[in-house]
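# An overview of the molecular structure
Now for the letters of each chain:
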Amino acid sequence: MSESIPTHPQLAALVLAGGQSSRMGEDKAQILWEGKSLLQRVCEVACYCTPQVYLITPWPKRYESMLTPEYLSGRTVQALQETDHQRGPLGAVLEGLSQIEAEWVLLLACDLPLLDPAIVQQWASQLPNLPPQSLALVPQQGTLWHPMCGFYRRSALEPLRQFLDEGGRSFQRWLPEIGATPLEVGTAEFRMLRNFNMPGDLHAPNPE
Ligand SMILES: Nc1nc2c(ncn2[C@@H]2O[C@H](COP(=O)(O)OP(=O)(O)OP(=O)(O)O)[C@@H](O)[C@H]2O)c(=O)[nH]1
């Protein structure tokens with residue numbers, strides 16, 4: 001993958017690897033697809049968009065060898081230890097956001113191997129145009145948000161903490177609550193947001 005081009009000086013990326021992978025039957029992050037692990041693919045997209053990339057996971061040791069420059073075209077990814085495993089992906093986002101200082105964070109789930117880095121970077125170029133009160137820029141299709149490839153302002157931290165403390169666990173509920181800005185995307189771009197959940201997804205025809 002080609003060199004990253006700084007998109008926004010205040011953009012970091014946070015990759016998620018955790019959960020149960022119960023539908024896949026084995027750890028999704030480590031699954032090989034077309035010669036690379038799903039985690040490696042998503043980390044490469046993140047590294048294309050920003051030099052500041054973090055992985056939040058309950059198992060940093062497990063992925064240590066996959067975050068090195070040898071795997072990531074000369075880049076590195078810093079692993080953050082997730083401490084509370086009970087709150088799902090939103091809890092992981094909270095822990096990640098609280099350790100990252102950049103104004104914006106590109107959130108990427110490790111099970112999105114079809115992402116086109118140039119498109120994600122083009123989306124990031126919209127960030128400077130957002131009003132200060134916009135806490136997130138997230139692809140939306142109809143009323144369905146695609147939160148696992150979206151941009152979150154660091155100041156979303158406190159509203160997120162409050163949502164989790166009140167028992168909230170759903171991005172689909174939280175995003176309207178904070179008035180997230182929908183990202184206008186075309187049909188072709190939505191195809192790259194297909195996440196891999198089951199073994200059959202690994203053998204489905206590539207939408208490209
Ligand atoms: N760090 C972290 N990532 C998570 C957590 N739960 C899910 N994820 C990640 O979020 C993405 C979407 O996860 P899901 O497919 O909804 O859940 P899953 O637990 O991985 O899989 P299922 O058991 O099949 O639902 C994947 O990239 C997971 O690695 C969590 O508690 N912590």
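That block above? That's the structure.
A quick note: this is a predicted structure, and the numbers were derived from the prediction, not measured. (Residues numbered from 1 in each chain as written. Predicted model: local features only at pLDDT ≥ 70, side-chain atom pairs only at ≥ 80, totals over all residues. Heavy atoms only, no water.)

### Brief notes about the overall build of the chain
A count of helices and strands for the chain gives seven helices and 10 strands. Here the C-alpha atoms of the chain give a radius of gyration of 16 Å, agreeing with the 17 Å that 2.2 N^0.38 yields for 208 residues. A principal-axis box enclosing the C-alpha atoms of the chain has dimensions of 40 × 35 × 30 Å. Burial analysis of the chain (208 residues in total) assigns 53% to the buried set. Look at the contacts in the chain between residues 6 or more apart in sequence, and 75% of them connect residues 24 or more apart. When the accessible area of the chain is evaluated, it comes to approximately 9700 Å², of which 50% is carbon and sulfur surface. (Helix = DSSP H or I, 4+ residues; strand = E, 2+ residues; numbered from the N terminus. Rg over C-alpha atoms; globule rule 2.2 N^0.38 Å. Buried < 20%, exposed > 50% of the residue type's maximum accessible area, 1.4 Å probe, protein only. Contact = heavy atoms within 4.5 Å. Areas by Shrake-Rupley, 256 points an atom, 1.4 Å probe, with all protein chains shown as cover.)

### Some points on the pattern of salt bridges
Applying the stated criterion across every chain, the model contains nine salt bridges. Notably, a salt bridge pairs Asp 84 with Arg 87, separated by 3.2 Å at the nearest N-O pair. One salt-bridge network, held together by shared partners, links Asp 84, Arg 87 and Glu 95. (Salt bridge = Lys/Arg side-chain N within 4 Å of Asp/Glu carboxyl O.)

### A few points about the environment of Ile 56
For Ile 56, the location among the structural elements is in strand β4 (residues 53-57). You can call Ile 56 buried: its relative accessible area is 1%. Taking the C-alpha atoms as reference, Ile 56 lies 6.0 Å from Ala 79; in sequence the two are 23 residues apart. Discounting chain neighbours no more than four positions away, the residues touching Ile 56 are Leu 14, Val 15, Leu 16, Ala 17, Leu 80, Gln 81, Glu 82, Ala 92, Glu 95, Gly 96 and Gln 99.

### Looking at the site of the ligand
Lining the immediate surroundings of the ligand are 19 residues, of which Gln 20, Ser 22, Arg 23, Lys 28 and Glu 82 lie closest. Measuring from a nitrogen atom of the ligand, one finds a backbone N or O atom of Gly 19 at 3.4 Å. Within the contact set of the ligand, an oxygen atom lies 2.8 Å away from a side-chain nitrogen or oxygen of Arg 23. Contact with the protein chains removes 86% of the 610 Å² of surface that the ligand exposes when unbound. At a threshold of 2 Å from the grid points, most atoms of the ligand map onto the largest pocket. (Near = heavy atom within 4 Å. Polar contact = N/O pair within 3.5 Å; in protein donor to acceptor, adjacent residues only side chain to side chain. 1 Å grid on protein atoms, 1.4 Å probe; cavity = no way out; pocket = protein on both sides within 12 Å on 5 of 7 lines; lining within 4 Å. Sits in = over half its atoms within 2 Å of the grid points.)

### Thoughts on helix α4 (residues 117-124)
In an α-helix, one full turn covers 3.6 residues, which means residues spaced three or four apart are oriented alike. Taking burial as the measure, the eight residues of α4 include six buried ones, the bulk of the element. Within α4, burial applies to Pro 117, Ile 119, Val 120, Gln 121, Trp 123 and Ala 124. Two or three places before Ala 118, at the opening of α4, Asp 116 has a side-chain oxygen 2.9 Å from that residue's backbone nitrogen.

### A look at the packing of helix α3 (residues 88-97) against helix α5 (residues 157-165)
Where α3 contacts α5, the two axes come as close as 10 Å, and the packing angle between them is 145°. Note that α3 runs across α5; the crossing there is left-handed. Here α3 contributes Leu 90, Gly 91, Val 93, Leu 94 and Leu 97 to the contact with α5, which in turn contributes Leu 157, Leu 160, Arg 161, Phe 163 and Leu 164. In terms of residue class, the contact of α3 with α5 is made up of eight nonpolar, one polar and one charged. (Axes fitted to C-alpha atoms, helices over the stretch in contact; angles between N-to-C directions. Left-handed = near helix turned anticlockwise from the far one by under 90°. Nonpolar A, V, L, I, M, F, W, Y, C, P; charged D, E, K, R; others polar.)

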